[in-house]
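Residues per chain are reported as follows:
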Amino acid sequence: MMSSCIVYLVHRIIMTLLYVVFIMFFITSCEAKLQIPKDVNITAIFAFGDSIVDQGNNNNLLTLAKCNYLPYGKDFMGGKPTGRFSNAKTPADMLVEDFGIKKLMPAYLDPNLNVEDLKTGVSFASGASGFDLLTSITAAALPLSVQLALFQQYIWKMKGLIGEEETNNIVKKSLYIVVAGSDDLCNTYYMLKIPRKIQYNVDSYTNLMVDGASNFVNDLYNMGARRIWIFGLPPIGCLPSQRMRAGGLLKICVGEYNRAALMTNAKLASKIDSLSGKLPQSELLYINIYDPLLDLIVNRDKYGFEEAKSGCCEGRNQFLLCSNSTGTCENDAKYLFWDGYHLTEKGYRYTTSCVFLSTKLESYSNLSMKFHFFKLCSFLVLSISLPFCYAISIPPNESIPAVFVFGDSIVDTGNNNGLKTIAKVNYPPYGRDFMGGIPTGRFSNGKVPSDFLVEELGIKELLPAYLDPTLQAQDLITGVNFASGGAGYDPLTSEIAKVISLDGQLILFKEYIVKLTAIVGEDRKNEILANSLFMIVTGSNDITNTYFGLAIRRSSYDVSSYADLLVNSASSFVQDLYGLGAHRIGVFGIPPIGCLPSQRTLKGGEERKCVDYLNQAAQLFNSKLAAYLSSSGNKLPNSRLVYIDIYDLPLDVINNPQKYGFKYSDKGCCGTGKIEVAELCTYTCSSDSDYVFWDSFHLTEKAYKLLAHEILVQHLSGFF
């Protein structure tokens, strides 16, 4: 696994050298403007929508949704607040600058506009507007219909100033951007609730939004516009304002809101594609903003940000905007968000760079061009700072609505907390690096693989335990965790540890299905189960604790027949899951358990070497499990059964810790690191990032993150 990663890194270095001229060209274009084909003439850009591209149109409205006061604009030219919803420039400014048109896009209602401003494009956008008319009315903002009326007024005005022919030419050849929808979901549907949430479910409300967008595009086209970019919604559940409202004490991303955004985006993209074929000479393009922004949020450190959960200024009114008495952070360059809704100038620059500056424009005729998006910004990031080997991507037209996890302590996120067992860790120092330093029952210093899987897939930040008493309906829809620390394939393993067996976890899953059906209905339930990922992570306890720790199993089985017992149990569990609607099932092998610090101490002699017979037993089980899954896929129609190897990479990390940024791999951070686990873990090392292991059995968050990423990189394609 890692040899391919090394080859990739070498290849990346070579490709970087070969393409250095190209990269320098791209960087130059980032600093100046987009390179547009000679036969494509864009001399003006017009913006419609909400606060993302409102340049000051709300300044004189009787609305709370305006920001023509400090600290807004504190980093703008001269430290002047202009009505832009950020500390400085917005995407509208960056777009006209990148196209080489002008430095700033003015608001149409700016009283200081001149003819040149009008000829090169203006913004009609109004903060807090939306595709739903009620959104604008509630916020006392300019509805999209009024923005269109202002654009019609603009056309009449220009005909009087420069003549009809030149005006028609500007209208026809300009680029139009439409940015709206976030306020519809965040404010009108989820915050106000009445009347929209009573009138519509999420599916029908997103239809209302998309119909509104479609009508707007049609109207804009009928007024002469041809080149129209319609922006999708961002991951609104990860906005600081929504985390604060519905993200709980930990302020996690709100999965329900993100799913609504994704549903809207899917429908919007389809609608735009349909309209393209119906509107002659139109050049309509759906812009995906969800993925670039989610990547910035999830991997903030990769882009030079330190904070992505809260804004630099803390808003206090209903829109969570900053007031003129609001304090701000010391260094907004460290913050992705400026306030509860909007990004900092730096955040907008990174986002627009990935969307606009990685856009390749190809001319096909005098008036036609196609826009092909490719992840060049990701290439540049990888060339400069490479935390991982590859990027995570889901095939087009595929989705993973939820993740469900079964197994043991490697992935348990708190199901054991209420059990009468010693196999639980809902106390310090466990969780010391978790959000807020809270022990949650995760067997590590921070997050565990189940969290990283859902995070990297963009579903949500954490995978909650099914038995978490604070669990909400929205958590159920995107997946939960049934794993129980100390469990195994062998029923005796769970019985001895007094934890939830796999059979018990299956019973809980059946209970879950009943709840899910009540929330989303039978059809949606079936769709969620069929397309979700199901992960099974267990087996280590069977070999280390039950087989080699107790004599009862060794008296009845040799290693090979005991491995057969475990594989048969895994087989039954997989078939049971399939029978309940699961199609995409990943079954993890066993890691090199002979190299666990506890096993080195107990069975590795004075030198605490890796215990060969334990590793050999793990490898034997893995080979049998892989063979079973390979032969069983065809027997279960429409199933995707994937064997997931977690032996090779962990072994390489243990044998070569420095290669992966660790110092210690033969002991844990907790206690002496040689034997302590659970209640014996009473004190810790000063720097757990130096350690592969957290305690004598479980890895640190840093090591788990590496492992989880590689799992997705190597195995995700097998589920499609």
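Residues numbered from 1 in each chain as written. Predicted model: local features only at pLDDT ≥ 70, side-chain atom pairs only at ≥ 80, totals over all residues. Heavy atoms only, no water.

Moving on, we get to the pattern of salt bridges. In the structure shown here, the tally under the stated rule is 27 salt bridges. Across the pair Lys119 and Glu166 runs a salt bridge, and its minimum N-O distance is 3.5 Å. Of this pair, Lys119 sits in helix H4 (residues 115-119) while Glu166 is found in helix H7 (residues 164-173), placing the two residues 47 residues apart along the sequence. For Lys119, a relative accessible area of 22% corresponds to the partly exposed category. Arg227 is the salt-bridge partner of Glu283, the closest N and O atoms lying 2.9 Å from each other. Here the residue Glu283 occupies a position in strand S4 (residues 283-287), and Arg227 occupies one in strand S3 (residues 227-231), the gap between them amounting to 56 residues. If you follow the salt bridges from partner to partner, you end up with Lys89, Glu97, Asp98 and Arg349 in one network. (Salt bridge = Lys/Arg side-chain N within 4 Å of Asp/Glu carboxyl O. Helix = DSSP H or I, 4+ residues; strand = E, 2+ residues; numbered from the N terminus. Buried < 20%, exposed > 50% of the residue type's maximum accessible area, 1.4 Å probe, protein only.)

Next up on the list: the pairing of strand S9 (residues 403-407). Along S9, 5 of the 5 residues are buried, which leaves the element largely enclosed by surrounding structure. Covered by surrounding structure in S9 are Val403, Val405 and Gly407 together with Phe404 and Phe406, the residues of both alternating faces. Pairing between S9 and strand S10 (residues 533-537): 5 bridges, direction parallel. Residue pairing in the sheet places Val403 in a bridge with Leu533 of S10. (Pairing = 2+ DSSP bridges.)

Moving on: the sheet that holds strand S11 (residues 584-588). If you trace the 4 strands from one edge of the open sheet to the other, you get S9-S10-S11-S12, paired in parallel fashion. At either margin of the open sheet sits one strand with a lone partner, and together these are S9 and strand S12 (640-644). Averaged over all pairs of adjacent strands, the angle between their axes in this sheet comes to 20 degrees, without regard to strand direction. Across the sheet, helix H25 (residues 612-632) lies against S11 and S12, angled at about 165 degrees from S12, the strand it touches most. (Axes fitted to C-alpha atoms, helices over the stretch in contact; angles between N-to-C directions. Contact = heavy atoms within 4.5 Å.)

It is worth spelling out the packing of aromatic side chains at this point. In total, this model carries 43 aromatic pairs according to the counting rule given. Their ring planes at 75 degrees and their centres at 5.7 Å tell us that Phe124 and Phe151 sit as a pair that is edge-to-face. Highlighted residues: Phe124 in the loop between H4 and helix H5 (133-139) and Phe151 in helix H6 (residues 144-162), separated in sequence by 27 residues. When the ring of Tyr547 is compared with that of Phe548, the centres are 4.9 Å apart and the planes differ by 90 degrees; the resulting orientation is edge-to-face. Like Tyr547, the residue Phe548 is buried in the burial classification. Above the plane of the ring of Tyr221 lies Arg226, whose end atom (NZ or CZ) is 3.9 Å from the centre. Here the guanidinium or amino end of Lys667 rests over the ring plane of Tyr664, the centre of that ring lying 5.2 Å away. (Phe/Tyr/Trp six-rings, centres within 6.5 Å; stacked < 30°, edge-to-face > 60°. Lys NZ or Arg CZ within 6 Å of the ring centre and 35° of its normal.)

This structure, assessed with the given rule, holds 6 disulfides. In this model, Cys313 is linked to Cys322 through a disulfide, with the two sulfur atoms separated by 1.4 Å. Residue class for Cys322 comes out buried when judged on its relative accessible area of 0%. Here Cys67 is not disulfide-linked; the sulfur of Cys322 is the nearest cysteine sulfur, at 8.6 Å. The exposure class assigned to Cys67 is buried, which follows from its relative accessible area of 0%. (Disulfide = S-S within 2.5 Å.)

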